[in-house]
Amino acid sequence: MAEQESLEFGKADFVLMDAVTMPEFMANLRLRFEKGRIYTFIGEVVVSMNPYKNLNIYGRDTIEQYKGRELYERPPHLFAIADAAYKAMKRRSKDTCIVISGESGAGKTEASKYIMQYIAAITNPGQRAELCPLFPQSRVIVQQPGERSFHSFYQLLQGGSEQLLRSLHLQKDASAYSYICPGAQLKCSINDGAEFKAVADAMKVIGFKQEEIQTVYKIVAAILHLGNLKFYVDGDTPIIENSKLVSVIAELLSTKAELVEKALLFRTVATGRDVIDKQHTEQEATYGRDAFAKAIYERLFCWIVTHINDVIEVKNYDTTVHGKNTVIGVLDIYGFEIFDNNSFEQFCINYCNEKLQQLFIQLVLKQEQEEYQREGIPWKHIDYFNNQVIVDLVEQQHKGIIAILDDACMNVGKVTDEMFLEALNSKLGKHAHFSSRKLCATDKTLEFDRDFRIKHYAGDVIYSVTGFIDKNKDTLFQDFKRLMYNSSNPVLKMMWPEGKLSITEVTKRPLTAATLFKNSMIALVDNLTLKEPYYVRCIKPNDKKSPQLFDEERCRHQVEYLGLLENVRVRRAGFAYRQSYEKFLHRYKMISEFTWPNHDLPSDKEAVRKLIECHGFQHDVAYGKTKLFIRTPRTLFTLEELHAKMLVRIVLFLQKVKLPLPHKLNGAGQCWKRYNQKSKINEEGSDEAFSEACSCFAGRWRAAELIRSVPPEVLPQLRAKVAAMELLKGHRADIGLQRAWQGNYIALKPDRAQSSGSFTPVANELKRKDKYMNILFSCHVRKVTGLGASRDQTDSHLDQQDINTECPEGLVGLSVSNGKDQLVVFHTKDNKDLIVCLFSNDPSNDSRIGELVGVLASHFKREKRSLHVSVTNPVQCSLHGRKCTVSVETRINQPQPDFTKHRSGFVLCVPGN
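Everything numeric here is computed off the predicted structure, so don't read it as measured data.

Rules and cut-offs
Sequence order as written defines residue numbering, which begins from 1 separately in each chain. Since the coordinates come from a predicted model, pLDDT governs what is reported: local features require at least 70, and pairs of side-chain atoms require 80 or more to be given and counted, while whole-chain, interface and lining totals use all residues. Excluding hydrogens and water, the side-chain figures rest on all heavy atoms present in the structure. Helix and strand assignments follow DSSP, with helices taken as H or I runs no shorter than four residues and strands as E runs no shorter than two, numbered in order from the N terminus. Buried, partly exposed and exposed residues are distinguished by accessible area as a fraction of the type maximum, computed with a 1.4 Å probe on protein chains only: under 20%, between the cut-offs, and over 50%, respectively. Any pair of residues with heavy atoms lying within 4.5 Å of one another is described as a contacting pair. All accessibility values rest on the Shrake-Rupley procedure with a 1.4 Å probe; residue burial counts only the protein chains present in the view. Residues grouped as a nonpolar core are buried Ala, Val, Leu, Ile, Met, Phe, Trp, Tyr and Cys residues, joined through side-chain atoms within 4.5 Å. Axis angles are defined between N-to-C directions and span 0 to 180 degrees, where every axis is a line fitted to C-alpha atoms and, for a helix, only to the segment in contact. Angles below 35 degrees are treated as roughly parallel, those above 145 as roughly antiparallel, those between 65 and 115 as roughly perpendicular, and all remaining angles as oblique. Under the grouping applied here, Gly and all other residues not named as nonpolar or charged are polar, the nonpolar ones being Ala, Val, Leu, Ile, Met, Phe, Trp, Tyr, Cys and Pro and the charged ones Asp, Glu, Lys and Arg. Of the two site types, the cavity is a set of points on a 1 Å grid over the protein atoms alone where a 1.4 Å probe fits but cannot get out, and the pocket is an open set with protein on both sides within 12 Å along at least five of seven lines, each lined by residues with an atom within 4 Å of a point. Grid points are joined across faces, edges and corners, and a volume is the space filled by probe spheres set on the points. To count toward a patch, a residue needs a relative accessible area above 30% and no salt bridge. Like charges then connect within 9 Å, nonpolar side chains (Val, Leu, Ile, Met, Phe, Trp, Tyr) within 5 Å. Throughout this description, the term salt bridge denotes a Lys or Arg side-chain nitrogen within 4 Å of a carboxyl oxygen of Asp or Glu. Positive charge is attributed to Lys and Arg, negative charge to Asp and Glu, and no charge count is given to His or to the chain ends. Just so you know, the charge point we use is NZ for Lys, CZ for Arg, CG for Asp and CD for Glu. For a helix, the expected span equals 1.5 Å multiplied by the residue count minus one. At least two DSSP bridges between two strands are needed for those strands to be called paired. UniProt positions are given in the numbering used here, feature names are shortened, and annotations may be inferred rather than shown by experiment. Whenever a nitrogen or oxygen atom comes within 3.5 Å of another N or O atom, the pair is scored as a polar contact, on the condition that within protein one atom can donate a hydrogen and the other can accept it, and that pairs from neighbouring residues in sequence are kept only if both atoms are in side chains. Under the pairing criterion, centres of Phe, Tyr and Trp rings, with the six-membered ring standing for Trp, must be within 6.5 Å; the plane angle then separates stacked pairs below 30 degrees from edge-to-face pairs above 60, leaving the rest tilted. When the NZ atom of lysine or the CZ atom of arginine is within 6 Å of a ring's centre and also within 35 degrees of its normal, the charge is said to sit over that ring.

Novice: What am I meant to see in the overall build of the protein here?
Specialist: Along the backbone of the protein there are 33 helices and 26 strands. Taken over 913 residues, the protein has a buried fraction of 49%. Residue pairs at least 24 apart in sequence account for 64% of intrachain contacts in the protein once pairs closer than 6 positions are excluded. A total accessible area of about 45,800 Å² is found for the protein, and carbon and sulfur atoms account for 52% of it.

Novice: Where do I start with the nonpolar core in this structure?
Specialist: In summary, soluble globular proteins display a tendency toward joint burial of nonpolar side chains. Counting residues in hydrophobic clusters, the biggest one holds 127 residues, and the most contacted among them are Phe25, Leu29, Ile115, Phe420 and Phe452. In contact with Phe25, not counting residues within four places along its chain, are Phe14, Met17, Ile42, Val559, Leu564, Leu565 and Val568. Counting 60 residues, the second largest nonpolar core, distinct from the first, contains Leu156, Met203, Val220 and Leu265.

Novice: What am I meant to see in the packing of helix α29 (residues 715–728) against helix α33 (residues 849–862) here?
Specialist: For any two helices packed against each other, one specifies the inter-axial angle together with the distance between the axes. Two numbers describe how α29 lies on α33: the axes approach to 7 Å, and their chain directions differ by 105 degrees. Compared by their axis directions, α29 and α33 come out roughly perpendicular. Here α29 contributes Arg719, Ala720, Ala723, Ala724, Leu727 and Leu728 to the contact with α33, which in turn contributes Gly850, Val853, Gly854, Val855, Ala857 and Ser858. Grouping the amino acids of the contact of α29 with α33 by side-chain chemistry returns 8 nonpolar, 3 polar and 1 charged.

Novice: What's the story with empty space enclosed by the protein in this structure? I'm lost.
Specialist: Empty pockets left among the atoms are what a rolling probe the size of a water molecule brings to light. Throughout the structure, instances matching the rule amount to 4 cavities of 30 Å³ or more. Space inside the largest cavity adds up to approximately 120 Å³. As for the largest cavity, its lining consists of 15 residues, and the residues nearest its centre are Ser101, Asn353, Leu356, Gln357 and Arg537. It is helix α14 (residues 344–375) that contributes the most residues to the lining of the largest cavity, 5 residues altogether. By residue class, the composition of the lining of the largest cavity is 11 nonpolar, 3 polar and 1 charged. Its volume calculated, the second largest cavity comes out at about 60 Å³. Lining the second largest cavity are 10 residues, with Asp13, Tyr72, Arg571, Ala576 and Tyr577 positioned closest to its centre. Looking at the lining of the second largest cavity residue by residue, the classes come out as 6 nonpolar, 1 polar and 3 charged.

Novice: Would you explain a positive patch on the surface in this entry?
Specialist: Side chains of Arg267, Lys278, Lys414 and Lys473 sit close together on the surface and give a patch of like positive charge. As for its placement among the helices and strands, Arg267 is situated in strand β7 (residues 266–271).

Novice: How do you make sense of the environment of Gly850 when you look at a structure like this?
Specialist: Among the structural elements, Gly850 can be located in helix α33. Since its relative accessible area comes to 0%, Gly850 is described here as buried. Taking the C-alpha atoms as reference points, Gly850 and Asp734, 116 residues apart in sequence, are found 7.6 Å from one another. Beyond its immediate chain neighbours, meaning those up to four positions away, Gly850 contacts Ala724, Leu728, Ile735 and Trp741.

Novice: Explain a nonpolar patch on the surface to me, please; I cannot follow it from the model alone.
Specialist: A surface patch of nonpolar side chains, about 190 Å² in accessible area, is lined by Val714, Leu718 and Val722. As for its position among the elements, Val722 is in helix α29.

Novice: In this structure, what is going on with helix α9 (residues 210–227)? I would like to understand it.
Specialist: The end-to-end C-alpha distance of α9 is 27 Å, a good match for the 26 Å that 18 residues give at a rise of 1.5 Å each. The element α9 is largely enclosed, with a buried count of 14 among its 18 residues.

Novice: Help me understand the sheet that holds strand β11 (residues 451–456) in this model?
Specialist: Strand pairing in a sheet relies on backbone hydrogen bonds. The paired strands run either parallel or antiparallel. Here we have 3 strands laid out as an open sheet, ordered β10-β11-β12, and antiparallel in their pairing. One side of each edge strand has no neighbouring strand; the edge strands of this open sheet are β10 (434–436) and β12 (459–464). When the angles between neighbouring strand axes are averaged without regard to direction, this sheet yields 25 degrees. Here 6 bridges tie β11 to β12, and the two strands are oriented antiparallel to one another.

Novice: Looking at this structure, how should I read the UniProt feature "binding site: ATP" (unreviewed entry) in the protein?
Specialist: When the UniProt feature table is mapped onto this chain numbering, "binding site: ATP" (unreviewed entry) sits at Gly102, Glu103, Ser104, Gly105, Ala106, Gly107, Lys108 and Thr109. Structurally, Glu103 is set in the loop between β3 (96–102) and α4 (108–122). By relative accessible area, Glu103 is classed as buried at 10%. The residues touching Glu103, leaving out its near neighbours within four places in the chain, are Lys108, Gly335, Phe336, Lys540, Arg554, Gln558 and Tyr561. Here Lys108 falls in the buried class, since its relative accessible area comes to 10%. If we ignore the near neighbours within four places in the chain, the residues touching Lys108 are Ile100, Ser101, Gly102, Glu103, Asp332, Ile333, Tyr334 and Cys538. Separated by 3.1 Å, the side chain of Lys108 and the backbone oxygen of Glu103 make a polar contact.

Novice: Would you mind showing me how to read the pairing of β3 here?
Specialist: Walk down a regular strand and you will see the side chains alternate between the two sheet faces. Of all 7 residues making up β3, 7 are buried, and the element is well covered by its neighbours. In β3, alternate side chains face the same way, and those of Thr96, Ile98, Ile100 and Gly102 on one face and Cys97, Val99 and Ser101 on the other are all buried. Bridge analysis of β3 against strand β9 (residues 326–334) gives 7 bridges, and the strand direction is parallel. Paired with Thr96 across the bridge in β9 is Ile328.

Novice: I would appreciate a short explanation of the side chain of Glu212 in the present structure.
Specialist: The residue Glu212 is located in helix α9 in this model. Among buried Asp, Glu, Lys and Arg side chains, Glu212 stands out as unpaired, with Lys209 the closest opposite charge at 5.2 Å. Setting aside its immediate chain neighbours within four residues, Glu212 contacts Gly207, Trp303, His307 and Val491.

Novice: Quick question: what am I supposed to make of the pattern of salt bridges here?
Specialist: Any two side chains of opposite charge can pair, on the condition that their charged atoms come close. Using the criterion set out here, one finds 29 salt bridges in the structure. Salt-bridge contacts for Arg299 lead to Glu498; the nearest nitrogen and oxygen are separated by 2.5 Å. You can see Arg299 sitting in helix α12 (residues 282–312) and its partner Glu498 sitting in the loop between α20 (490–495) and α21 (513–529), a full 199 residues away along the chain. By relative accessible area, which is 18% here, Arg299 ends up buried. A salt bridge links Glu371 to Arg578; the nearest nitrogen and oxygen atoms lie 2.8 Å apart. On the criterion of sequence distance, the pair formed by Glu371 in helix α14 and Arg578 in strand β14 (residues 577–580) is long-range, its members being 207 residues apart. Each member of the pair, Glu371 together with Arg578, is buried. Each member of the salt-bridge network shares a partner with another, and the members are Arg30, Glu34, Glu552, Glu553 and Arg556.

Novice: Explain the packing of aromatic side chains here, please?
Specialist: Two aromatic rings, taken as a pair, are described by how far apart their centres are and by the angle between their planes. Summed over the entire model, instances satisfying the criterion amount to 25 aromatic pairs. An angle of 55 degrees between the planes, with centres 6.0 Å apart, marks the rings of Tyr372 and Phe575 as tilted. Taken together, the residues Tyr372 in helix α14 and Phe575 in the loop between α23 (564–572) and β14 connect sequence positions 203 residues apart. For the pair formed by Tyr372 and Phe575, the shared burial category is buried. Taken together, the aromatic side chains of Phe344, Phe347, Phe420, Phe434, Phe452, Tyr463 and Phe468 make up a single cluster linked through ring pairs. Sitting over the ring of Tyr485, Lys493 keeps its end group 3.9 Å from the ring centre. Here the guanidinium or amino end of Arg537 rests over the ring plane of Phe360, the centre of that ring lying 4.4 Å away.

Printed below as a string of structure tokens:
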């Protein structure tokens, strides 16, 4: 559960809804949007609302708040999901991927930018972000109502200098260009001029050369000019109306005008040994022009992405220095589309979303099941809508819609869209998710010989077959590929390697657009299954780009086709909330007398069990190996209410303690009165000085009262724990504060039976010889000998073979590592340091470093002597006057800790499994 947010902002995680219903989901979404909370979790998914305004939540301070934190330790944010992906990559050396989806205008691009910004701020060499190109090509030539084309076109026109625009034969008015004219009329908050400069500066920073940047501008300009070409046929001869544009396009693409004109008007065909030029119809020339424009833009996009990925890739990669080469992929994809008129483009886009939704649900279920298995929680089957049947309807070999469409495109002779629809009716007429007017004669929402309907997971979509055949054919003829390969611009030539083939060498029928798209989707899904995925679901709150308006119907439509409620149901099918015992205790320990301020139970798990049972929640939870699982949100909210009430009581108590009234302190009140009468306080700063004096006095008095209640036999242990905490907290993960400290372990609880009999007489002899009263600490150790070997040793007081009888006076400091190992180095005045590893077999994972440090620090404090304690890895030391280092390494299948020699000193090898 996300902290730092009260319920006045709604539920920070949709999984915590009281009931999984659309009305409750929408109510929570609206409340959070209206309260300025644009991010909400669904488990490990982030739902993102486009705020249509700038928010100050992406700066360096915010990055630091999320860096290294667990997903639910901070409020929902893109940075939380980005950090989770980064940690998964670092901890498990596994490639990860963040999939960002939503419709146009929902904020996908901005979300990907902020995620990349966060990763760039925290990433190290060896872990890199990788851009995954997948975008709607059709937007280059046509946009849906209310949409702009790609920003690059408008940025170039508005941000380019007069000189640059002249060299590209462009004018600033975007409405002068057919491809982007509709978007030019839209009200837009984007400052295209400023964005142009920002993109240009970024390209320079990333390493693009000036001639490469100029090529980008030329390609974008060439596409705009292509859109203004118009065709007509004079008799049997195809002609370009505005032929002057051909010379402009040729100049920009560094080729010859006559070659551009021929590629636009004719198609070169090889028939046996003969090569003929087949002239286009007006419609074929228009389709060819549009296919060429889309392909140029796609090649440019892929080239830029490849260039960036090459730049950010670690050079001279060395796994010993950088670790395993891992990747975070950031995938920004178009969302499900349902328009008044849905054609071939929407069919492909919705198939993409159908396939990704199938993968999404499978992976969420898989992750849930794996966590249950890790934690030892029984797994129950979860019913959910399996949309594999719809994926098969589209992509199945020989039987799917794409296969039927390809067959229609390959037939000899004139094949129409109506004939394709008839083939669909014949082969798919009995499919539960397919229908048409011929199959449902009474359904007047469908037109005869034009429409078919698919029941997608997100809802029913009616597609018009008009244009399916032409759009599916490979209208990017080989002529265009050869034209670009033979360009004198080396960047353009590099983008079109297949243009190297002559017409007689190209014998294989090109794949259709639908098959190419299907293959790219299959490859994408295969790629994603090899990565650990994280998801961002983007929602557009309204079509007016208003930061205040929440369009209920518009948002519900997106929630449905993004499958968000289905996602909540899957995540909620078992347990709504889970948290590690340590973190659960950290938040809720104050609500139980058994756990506040610290518990004395054998483990955090037992302490959590006690806390849960004392509040009567035991029937709504399950106890995993490392986590507590809570079934219903109501239990969690009750815990939060108890936490909030107790927090108020604690704050009030601390306020009373901080500035006590004189009569509250009984005898202490008289001291206060005398202080007040005798003190002569200057007016300037008097209140502050008096407040500080009272606070200090009250604090000391309160501390004395608390210590007075502690039994005398416990005080030495308490002082030692305080000393250990002062020296080690924040530097070592495990100090051992939760357990009882016994000190003389060999005498009280022998780890090794064979040594317990000889320990007592040896200890008594040392007491007589060295004239000391008590053993502060004893346990078995593995030590480094003077010869550099390691052997087991019983350590009492400190080892007599290595430190003389004046050891307490000779000891000047301790060094321990910052891990969970038991390495200790005792530093002495004569530079004859003692290097040991503490042994504890009962229990085997019992850490005694904190106790040893605390006991010695407390002892030195009583003796009014200083003891320097260092926490580091590797540890610097001196063995018989020779400087050396001791480092700690984790090794798989290491049976027990042991020292090995190293060129710079020693390595303590500790078990890693």
